[in-house]
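Chain and residue survey
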Amino acid sequence: MGVYLVQFLTGLASASALFLAASGLSIIFGVTRVVNFAHGSFYMLGAYFGFSFVQMVGGGAIGFWVALLLAAVAVGLVGLLVELVILRRLYKAPELFQLIATFGVILIVQDAALWAWGAEDLLGPRAPGLTGIVRIMGTPMPVYDLVLIAVGPLVLLALWLLFNRTRWGVLVRAATEDREMVGALGVNQSLLFTGVFVLGSMLAGLGGAIQLPKGGADLLMDFGILAEVFVVTVVGGMGSIFGAFLAAVLISQLNTFGILIWPGGTLVLMFILMAVILIVRPTGLLGRPETVGHKAAAGFEQALRPAGPHYKLFVGGLLACLAAAPVFVDEFQLVLITDIMVLALFATSLHFLMSTGGLVSFGHAAFYGGGAYTAALLVTYAASPFELALLLAPLGAGMLALVIGWFCVRLSGVYFAMLTLAFAQVAWSVAFQWSEVTNGDDGLLGIWPSLWASGTQVFYYLALVFCVGGIFLIRRVVFAPFGYGLRATRDSTLRAAAIGIDIKRQQLMAFVFAGAMAGLAGGLFAFSKGSVFPDEMSIPRSFDALLMVLLGGVESLSGPFVGAAAFTYLHDELITFEYWRLLVGSTIVALVLLFPQGLAGAAKHHLGRFLKLEADPEAAAPSPRRKAREA
Amino acid sequence: MSAPSTIERATDLPSLAVRNLNKAFGGVQAVRDVSFDLAEGELLALIGPNGAGKSTCFNMLNGQIPADSGSVRLAGEELLGYAPAEIWRRGVGRTFQITATFPSMTVAENVAMVLMSQQRELFSFFRSATHRHRDRAMELLDLVGMTGQADRPCGVLSYGDLKRVELAVALGNTPRVLLMDEPTAGMAPRERLELMGLAARLVGDLGISVLFTEHDMDIVFGHADRIIVLSRGALIAEGNAEQIRNDPLVLKTYLGEGQIYGQAED
Amino acid sequence: MLSVEKIHSYYGQAHILSDVSLALAPGEIVVLIGRNGAGKSTTIKSIMGMVKVTEGQIRFGGDDLMGEPPHRIAQRGIGYVPEERRVFTRLTVLENLEAGRQPARGGAPHWQAEDLFALFPNLAEARHRLAGTLSGGEQQMLTIARTLMGNPGCILLDEPSEGLAPVVVEQIIEVIKQIKTQGLPILLSEQNLYFASLVSDRAYVIETGRIRFSGTMQELQENAEIRRQYLAV
């Protein structure tokens, strides 16, 4: 009995840090409509700052707690900097760019933490005066856990008072609903946004700091907590602080009891719980349906047009160049072009989902990696031939997409994005942790194509056929009735439902199709490298795809190709540096700030109409004369 | 096709029979025991103050929100419990208060979209949809006088034209009942009369029954065959223009002292 | 006191307003009338700094409002009542008023929540209810009250009668007349000529982003040509 009670209390204790982080994310999102992907990094920084401050001032009991609060304040200052320098310029940009920018911040923070605190995991200091153990019905329990249990409800109460009993809180709640209106009533929105962002950052920092005596600080904390925070926010209901608290408790309990019942299966349990809750209550435990109207445009409303005459010439020329490439370039460059083509297919599949479907997925690498692992597992365990494994790769990825998509399409907008990210993190965890099958971090090796296809040139042509074929197939689907139906669900769900379109089914099929195409790219990748590692499913890989789409511009279907090339180039240039993440992160942030339309988008903006890269909507229509003839 | 029986049924059954419809939102009874019939070919106006439950009624009729209890029968067939898509297939079309079209598609594509959906082609991945169902779409656009702008994107149309496109879209699957939510909201007086005249003519020609909500009393009194009045979730009056205009309860809860309608007669 | 001179406004690339000029004197109610999409709301949003104005001049009292962000413009004393009401549905009536509160400035009438409850008795009864549970008419009253809490020196009232029951529109007419007795000038945007004629002193007719007519309400009533051409009555 005592064991269970202590287990329950331990669950409550770990819920506190999770709740702090999740409430911060929720508050920031509510007002600024930015899902702060760097939130996990703020949590991590809280832990690191806490570690250092405790060393500096944390001698006594008071010093320890002062150090933790200082850590929260320091993270708040980092938040202030991020808001002032980056986000403030992006509030009017499409959501995607804000998210990509905060992802850049993740990379910068990772390398900054590596530089400042080193790569070793840090063991957290113990809280002076609270190092003891109490016995509850005979079972020992750390005193510090009891303190943690109190922190969550206390912060909850403080937040409730702040939001319901102060003018600032009223304004924040008002801005959560209609921030433009709040501005028109004489409230300085920028100040409000900055304040909220700092508050949210501080909560994340405090969360990271208070778990220090239990969990310490390490460089993998950021993505770990991010996925958990997303799950908490989705389960609790976005924008509801009470919901976040409930969900944090629920999930922490599940984790602590799950370890007793099914060690190693806690992730699965967590996602079963999430699935059940989302089916019963799609808006989360205490969430409200998204209010429609007065919300910023997602940025994908541009119509895709069939190819114009010059565009066809351009594509033909590009294809001819690619076909002739082996004659002109050396093997190293040929491998590089193969990589670019594979990535272009990967990025195009995501672009299809985003532009035609309006579905921004942050976990698309799950399917890229899914395809790669399908192929690799088939080769390793079923000794299946290369040809079969390559063809089954999209099938495996598609099936994974069917399962994940079935949950995700129940949500929309940022909820959808968050859930895809959380699922991708699960897929990564499985690949990473289930080492009996996947060989964990060491990856699966020896995944080579059949002898006939193993030459660089032959494989290049094979990749060319599959990648170009895949991209053309995607383009074909965009202009098929399916693509039109999908675009209809993006343009107006109201109208789409009213004319008998089953929105979820249309979106799910699109998700599966895009997943399968990403899986094809993943399969090709596995065979081109001869190995697969969990990295191919990781969140950073998902962001690579987003980055390629961003570099290429979201509004043109040819963008991903440009994006893949630019990405590969950048990546190869920067990876040689020790702190390459810092450079990549800074580059991302700079690119987003400088070219909010993407590189190709910016170029097209100036050249597009002039060069007739897309068919002119008015010219695509039958001319009046032809119409008259028909009549 | 069981055409004969349908026609036979249509003669003795109302197009739409609504019985004891109820809906509560978190303890607030939004719609209470609402019952009415919509006869074939009838233009029935549903009026009432904002928040009286008109939108909730509409949303229940086309399946967007589930009713707590009650019954909605389309020519004798129960509709409650079906998804919006299924109710649409069975012949209940809808236009929205704020126009809802697909702004990235052309006018003709907007209409063609309905036809693709109706003919269950939405899971076709390979054939081109660029000019699909163009002829039929043009016929429908001809009905509402929009062929001239068939190839402009919907995103650039004027408000009045969007309303016409919506009408063509609603007629796309030849509905038996059309629900129109404030069809003339946001339009100038003459445009209002034109649009309502067009709608009335079309439903007359095509034998469609229309239920519409409206705040412009000139439209209501000028075009509705019959009027029902909703207040605080319940029906408080039913009748022709003359009866409604003189109903004391309606005057108190909705029409007021008559200052701001009736200009058309000046 | 409010003067707009030859402004040009853009939504993205689209040129919405050309050369729009208008003026509002103390204590008068002026209607900006035109059909949907004519540029009424854009004019009001331009004054509020919510739409990009590239040329021209907007002045209120002695202040130049050009290029100022919306909150500064509101702080200078321009009260904005948006179309479609836009109350904060998840805040109570009192909290909505609190969100609109701004310090009183010289000359303008000074409003307290209790004054407003006297003006809008319906709201007084509902002061602790969430605004989302109010009827459409009550919400319209609340937006007006919320704007008055900012103690504005003039009010921009965007399509107050749109989509409301006739009985509510009659109440709004009363409210507008009440506000006028306080000496507050109102710029009203409206499509309904009849409604406008019941409350306004002067009118500007706008069509495709240009002012086509300016004169007293009386002159507009007598000018059948203008009414037919631009107002489609």
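Just above, that's the structure.
Residues numbered from 1 in each chain as written. Chains lettered and ligands numbered in written order. Predicted model: local features only at pLDDT ≥ 70, side-chain atom pairs only at ≥ 80, totals over all residues. Heavy atoms only, no water.

What follows covers the interface of chain B and chain A. With 37 residues of chain B in contact, the opposing surface of chain A contributes 36 residues. A combined buried area of about 3100 Å² lies between chain B and chain A, and 64% of that area is made up of carbon and sulfur atoms. When residues of chain B are sorted by the area they lose upon contact with chain A, Ser-104, Phe-123 and Phe-125 of chain B head the list and together hold 22% of the total. For the pair chain B and chain A, the interface holds one salt bridge. Notably, a salt bridge pairs Arg-495 of chain A with Glu-166 of chain B, separated by 2.8 Å at the nearest N-O pair. Taken together, the links from chain B to chain A amount to 13 residue pairs in polar contact (both at pLDDT 80 or more). For the side of chain B that touches chain A, the secondary structure elements donating two or more residues are α3 (84-89), β6 (92-95), α4 (107-118) and α6 (159-171) of chain B. Class assignment of the residues belonging to the side of chain B that touches chain A gives a composition of 17 nonpolar, ten polar and ten charged. (Contact = heavy atoms within 4.5 Å. Buried area = accessible area lost by both parts, 1.4 Å probe. Salt bridge = Lys/Arg side-chain N within 4 Å of Asp/Glu carboxyl O. Polar contact = N/O pair within 3.5 Å; in protein donor to acceptor, adjacent residues only side chain to side chain. Helix = DSSP H or I, 4+ residues; strand = E, 2+ residues; numbered from the N terminus. Nonpolar A, V, L, I, M, F, W, Y, C, P; charged D, E, K, R; others polar.)

Residues and elements named next belong to chain A. Put simply, helix α4 (residues 95-117) and helix α22 (residues 539-552) touch, their axes get as near as 11 Å, and they point 130° apart. Taken together, α4 and α22 sit at an angle that is classed as oblique. The chirality of how α4 crosses α22 is left-handed. Where α4 approaches α22, its residues Leu-96, Phe-97, Leu-99, Ile-100 and Phe-103 are matched on the opposing element by Pro-540, Phe-543, Leu-546, Leu-547 and Leu-550. Per-class residue counts for the contact of α4 with α22 are ten nonpolar, no polar and no charged. (Axes fitted to C-alpha atoms, helices over the stretch in contact; angles between N-to-C directions. Parallel < 35°, antiparallel > 145°, perpendicular 65-115°, else oblique. Left-handed = near helix turned anticlockwise from the far one by under 90°.)

The next subject is the interface of chain C and chain B. Counting from both sides, the interface comprises 23 residues of chain C and, opposite them, 26 residues of chain B. Both faces combined, the contact of chain C with chain B buries some 1900 Å², and carbon together with sulfur accounts for 54% of it. Linking chain C with chain B are zero salt bridges. At the surface where chain C touches chain B, the tally comes to one residue pair in polar contact (both at pLDDT 80 or more). Of all the elements in the fold, those that place two or more residues in the side of chain C that touches chain B are α6 (136-148), α7 (166-181), α8 (193-199) and α10 (224-231) of chain C.

A few words on the environment of Asn-164 of chain A. By secondary structure assignment, the location of Asn-164 of chain A is in helix α5 (residues 143-165). Once the C-alpha coordinates of Asn-164 of chain A and Ile-149 of chain A are considered, the two residues, 15 residues apart in sequence, prove to be 24 Å apart. In this view, Asn-164 of chain A contacts Arg-173 of chain A together with Glu-95 of chain C; residues no more than four positions away in its chain are not counted. Engagement of the side chain of Asn-164 of chain A in a polar contact is seen with the side chain of Arg-173 of chain A, the distance being 3.5 Å.

Residue and element names in this part refer to chain B. Here strand β1 (residues 16-25) pairs with strand β4 (residues 69-74) via five bridges, running antiparallel. Residue pairing for β4: Ala-17 is matched across the bridge by Arg-73. Bridging between β1 and strand β2 (residues 28-38) involves seven bridges; their strand directions are antiparallel. What sits directly across from Ala-24, in β2, is Gln-29. (Pairing = 2+ DSSP bridges.)

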